[in-house]
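Remarks on the overall topology
So you can see what is in the structure, the chains are spelled out below.
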Amino acid sequence: LTALFRRFAGPATRVLYAHTLHRYDHLDVEFFKALEAAGLACREVGDIPPDGEQFLQELFPEERPAVFELSASMPGTSAALP
């Protein structure tokens, strides 16, 4: 999936990806690492949770939908976990 996103991510293309966070936290972590390895940066757009909510902060967090904008990352930058 990340290779496909990388092919589409370009200067004139906006790639949006809808994802359910906290469904399987360990797979979320692996997915965001794979985005970084593919040279993609991501940022959450749309309904962003309030400041102070941190990824993997709670023991049993509630699932929530999230929309991410993916783009080719600049050298030296990394895709941070949401």
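Refer to the structure above for everything that follows.
An account of the accompanying structure is given in this report. (Residues numbered from 1 in each chain as written. Predicted model: local features only at pLDDT ≥ 70, side-chain atom pairs only at ≥ 80, totals over all residues. Heavy atoms only, no water.)

Before going further, it helps to examine the pairing of strand β3 (residues 64-72). Pairing analysis gives seven bridges linking strand β1 (residues 15-21) to β3, with the strands arranged antiparallel. Counted as the bridge partner of Ala18 is Val67 from β3. Pairing of strand β2 (residues 40-45) with β3, which is carried by six bridges, proceeds in the antiparallel orientation. In the sheet register, Val45 faces β3, and the bridge partner there is Val67. (Pairing = 2+ DSSP bridges. Helix = DSSP H or I, 4+ residues; strand = E, 2+ residues; numbered from the N terminus.)

This next bit is on the environment of Leu70. Inspection of the secondary structure assignment puts Leu70 in strand β3. Under the relative-accessibility criterion, Leu70 is labelled buried at 2%. Considered as a pair, Leu70 and Arg6 are 64 residues apart in the sequence and their alpha carbons are 8.6 Å apart. Excluding anything up to four places from it in sequence, Leu70 contacts Phe5, Val15, Tyr17, Leu35, Ala41 and Cys42. (Buried < 20%, exposed > 50% of the residue type's maximum accessible area, 1.4 Å probe, protein only. Contact = heavy atoms within 4.5 Å.)

All right, on to the packing of aromatic side chains then. Evaluation of the coordinates by the stated rule reveals four aromatic pairs. When the ring of Tyr17 is compared with that of Phe31, the centres are 5.2 Å apart and the planes differ by 35 degrees; the resulting orientation is tilted. Pair noted here: Tyr17 is in strand β1 and Phe31 is in helix α2 (residues 25-37), with a separation of 14 residues, a long-range link. Side by side, Tyr17 and Phe31 carry an identical accessibility label, which is buried. Between the aromatic rings of Phe32 and Phe68, the centroid separation amounts to 5.3 Å while the plane-to-plane angle is 70 degrees, which identifies the pairing as edge-to-face. On the criterion of sequence distance, the pair formed by Phe32 in helix α2 and Phe68 in strand β3 is long-range, its members being 36 residues apart. Residue classification places Phe68 among the buried positions, given a relative accessible area of 2%. Put simply, the rings of Phe5, Tyr17, Phe31, Phe32 and Phe68 touch in pairs and so form one group of aromatic residues. (Phe/Tyr/Trp six-rings, centres within 6.5 Å; stacked < 30°, edge-to-face > 60°.)

So yeah, pure geometry; function would need other evidence.
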